[in-house]
Number of protein chains: 2
Amino acid sequence: MSEVIIKNDEVDIVIGALQSDLTPFLEAWRPFISDFHLIIVKDPDLKEELKIPGGFNLHVYTKSDIDKVVGSSTSGISFSGYACRYFGYLVSRKRYIISVDDDCLPAKNSKGELTDPVSQHIINLSTPATPFFFNTLYDPFCEGADFVRGYPFSLRTGVECGLSCGLWLNLADLDAPTQALKPSLRNTRYVDAVLTVPTRAMLPVSGINIAFNTELVGPALTPAFRLAKEGNLRWETVEDIWTGMCVKVICDHLRLGVKSGLPYVSRQERGNAIESLKKEWEGVKLMEEVVPFFQSLRLSETSVTPEDCVAEIAAAVKERLGPVSPTFAGAAGTMVEWIKLWKRVRAQ
Amino acid sequence: MSEVIIKNDEVDIVIGALQSDLTPFLEAWRPFISDFHLIIVKDPDLKEELKIPGGFNLHVYTKSDIDKVVGSSTSGISFSGYACRYFGYLVSRKRYIISVDDDCLPAKNSKGELTDPVSQHIINLSTPATPFFFNTLYDPFCEGADFVRGYPFSLRTGVECGLSCGLWLNLADLDAPTQALKPSLRNTRYVDAVLTVPTRAMLPVSGINIAFNTELVGPALTPAFRLAKEGNLRWETVEDIWTGMCVKVICDHLRLGVKSGLPYVSRQERGNAIESLKKEWEGVKLMEEVVPFFQSLRLSETSVTPEDCVAEIAAAVKERLGPVSPTFAGAAGTMVEWIKLWKRVRAQ
């Protein structure tokens, strides 16, 4: 593929609001998002009114909008907590979505300069990905970079990028046990690189700071994997890790790319890892099953759309993981419901 | 595996001397290599006497040493040009080898501080590699880093690292066509990261700045892939790319890791890409065959040592690539010879 031009009106920025006062968040992001359309989805469990400063082109969705669109027929899908953003993915009409947690601010690079996460995600999605051979100097389409000696010319055109996974400074996205063991550990290493994660390699995608092409992979971003005692702190959830593996398997199958690296956001402190540790470590335990499952999953040639692929993954989850835990059985059911809902809402 | 301690006397630093005056090179490296044993192998085609400053613990090997050790029985193996370093790999008795081109200097990081490539390679080889799942915050064993949320605990112990591939600032390691098309392109991006290249992902390993564990992968580093009109400029060779793919296939098979990233060296200007372009593009053309071959190669369970693996790869090269080009047939033959030579020299 060649580089595509992404216009600002082809992008929705989707924010799940887990806190009521979005003023500090939106003001920090204003220089980078004021030219874009914003979709703000209020966590249905949040009681207070949202505080949103003026001067943005945005649409706010609340519990009543969710009930209206989703109705009662899809009771298996919950949009509580972090999952509220998925409602924004569902109702967006744009080709590209950028989504960032509401406790993240644009980060500074190692020179102390503020960086623009939005334009970096757009660069990642508009330039080709190279999943079939690893370029040691990272993304060959970054300014000043190229393919290194030995890189076959036939693979240099690359493929479309489905998902751009950004990273985090300050509070790293660790699990509760790790953060509890190393309470003072903060990520200060700004790695100035984007890379394509090689085909067939799996990665733990974090939903904190991502962007994706909805036509290529949108239906795979589902709030399907819900822990029994899920909280509203990142380290108490793994729904995004699940979703990321679905996307990666689909990208590998459909010959698309997943990029990881820039842009960084700076994560603010929230929650207490020791408190979270007292909850069940269900997510940590289930990863031991999840990763080998997705690593060994191969989709059939008859699955040619992301919707087909999600349906095929759901069937495999039901069959192979369903007996292991009700969380898996629930995820399989929700994915099937999600595809129906996605098709219905998108057809309107 | 857990972290291993690598003592200075377990390391040989192998330098292939393609230029006679090594004074500027060795003086620049003195702060980082003076506590190590050096093996300097003089390119047998180089006529002038080597100029080497005092104060180093080193052994110089020349054409007469090569003839003595290798003899005439292995006439298929050439140690000319960049290949001279492989003689150093052969005669080393150390568990670890670090090897850098003689036109490279220690690089400065993005803060302008001089970095120590030797200690970084040793860190890469002494800490575990994680080829079975990609950690988005790069090497989890770097200081200040850890595994991110979603990384299965069962995969966190990692495996031994066989090969550490460092990178280059200033003159990037591009092929002649790319450098000729972009004559002013220089790499200025210091990416402060090391990563494990995922299992089954292939990469173009450059021999400019590498380190490896000889017990784990040493026999795979062979001067086997010699172009018909090979020159003594990096962009006229692909011997290291070939060797790197052999090592990667072996590491994937034996469940070992290959790391890429830090340390950087700064490459000095040498040669003229336009002149090199006038030569045949044999290397560039052959990569179109080489990469799919190695990507699809799976070794048998009976190959349990690196020597076994190289022999099996050589047989597959002879069968599948031999008919394509005499360069491949030659590589297969040289690899078989190399294993015999390696076993003989190492048994002494």
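Everything that follows concerns the structure shown earlier in this document.
Residues numbered from 1 in each chain as written. Chains lettered and ligands numbered in written order. Predicted model: local features only at pLDDT ≥ 70, side-chain atom pairs only at ≥ 80, totals over all residues. Heavy atoms only, no water.

Burial analysis of helix 3 (residues 84-91) of chain A places 8 of its 8 residues in the buried class, the great majority of the element. Residues of helix 3 of chain A that are buried include every one of Cys84, Arg85, Tyr86, Phe87, Gly88, Tyr89, Leu90 and Val91 of chain A, and no others. (Buried < 20%, exposed > 50% of the residue type's maximum accessible area, 1.4 Å probe, protein only. Helix = DSSP H or I, 4+ residues; strand = E, 2+ residues; numbered from the N terminus.)

Residue and element names in this part refer to chain A. With 6 of 6 residues buried, strand 2 (residues 37-42) lies mostly within the body of the structure. Of the two faces of strand 2, the one holding His37, Ile39 and Val41 and the one holding Leu38, Ile40 and Lys42 are both buried throughout. Of the strand pairs in this sheet, strand 1 (residues 11-17) and strand 2 are connected by 6 bridges, and their pairing is parallel. Across the sheet, the residue bridging to Ile13 is Leu38, located in strand 2. (Pairing = 2+ DSSP bridges.)

Of the residues lining the interface, 63 residues belong to chain B; the matching set on chain A comes to 63 residues. Between chain B and chain A, the buried area comes to about 4,900 Å², and carbon and sulfur atoms account for 59% of it. In this structure, Arg149 of chain B and Asp173 of chain A form a salt bridge, with 2.8 Å as the shortest nitrogen-oxygen distance. Summed over the shared surface of chain B and chain A, the number is 22 residue pairs in polar contact (both at pLDDT 80 or more). Elements represented by at least two residues in the side of chain B that touches chain A include exactly strand 6 (161-170), helix 5 (176-181), helix 7 (239-254), strand 9 (257-267) and helix 9 (282-296) of chain B. It is helix 9 of chain B that provides the largest number of residues to the side of chain B that touches chain A, a total of 5 residues. Class assignment for the residues of the side of chain B that touches chain A results in 37 nonpolar, 13 polar and 13 charged. (Contact = heavy atoms within 4.5 Å. Buried area = accessible area lost by both parts, 1.4 Å probe. Salt bridge = Lys/Arg side-chain N within 4 Å of Asp/Glu carboxyl O. Polar contact = N/O pair within 3.5 Å; in protein donor to acceptor, adjacent residues only side chain to side chain. Nonpolar A, V, L, I, M, F, W, Y, C, P; charged D, E, K, R; others polar.)

On to unusual backbone geometry, then. Residues and elements named next belong to chain A. In this structure, Pro263 follows Leu262 across a cis peptide bond, with omega equal to 0 degrees. In this structure, Pro263 sits in strand 9 (residues 257-267). The phi dihedral of Arg200 falls on the positive side, at around 70 degrees, and the residue is not glycine. Looking at the secondary structure, you find Arg200 in the loop between strand 7 (194-196) and strand 8 (209-213). A relative accessible area of 37% places Arg200 in the partly exposed class.

Here we come to the relation of the copies chain B and chain A. There are two copies of the chain, and a rotation about an axis plus a shift along that axis relates them. Between chain B and chain A, the superposition needs a rotation of 180 degrees and an axial shift of 0.0 Å, giving an RMSD of 0.0 Å. With respect to symmetry, the two chain copies, as superposed, fit the operation of a two-fold axis. For chain B, the residue whose C-alpha comes nearest the rotation axis is Val191 of chain B, separated from it by 2.8 Å. Comparing interface residues between copies, 100% of those in chain B also lie at the interface in chain A; the contact surface is shared. (Least-squares fit on C-alpha atoms with pLDDT ≥ 70 in both.)

Residue and element names in this part refer to chain A. Following the sequence through the fold, Asn213 ends up in strand 8. Classification of Asn213 by relative accessible area gives buried; the value is 1%. Apart from the residues within four sequence positions on either side, Asn213 is in contact with Arg95, Tyr96, Leu125, Glu160, Cys161, Gly162 and Gly218.

Our focus in this paragraph is the environment of Gly112 of chain A. Residues and elements named next belong to chain A. With respect to the element layout, Gly112 can be found in the loop between strand 5 (104-106) and helix 4 (117-126). Judged by its relative accessible area of 43%, Gly112 is partly exposed. Linking Gly112 and Glu275, residues 163 residues apart in sequence, is a C-alpha distance of 34 Å.

Residues and elements named next belong to chain B. Here Glu282 lies in helix 9. On the accessibility criterion, Glu282 (15% relative accessible area) is buried. Sequence separation between Glu282 and Thr199 is 83 residues, and the spatial gap between their C-alpha atoms is 29 Å. Look past the residues within four positions of Glu282 in its chain and what remains in contact with it is Leu227, Ala228, Lys229, Ser325 and Thr327.

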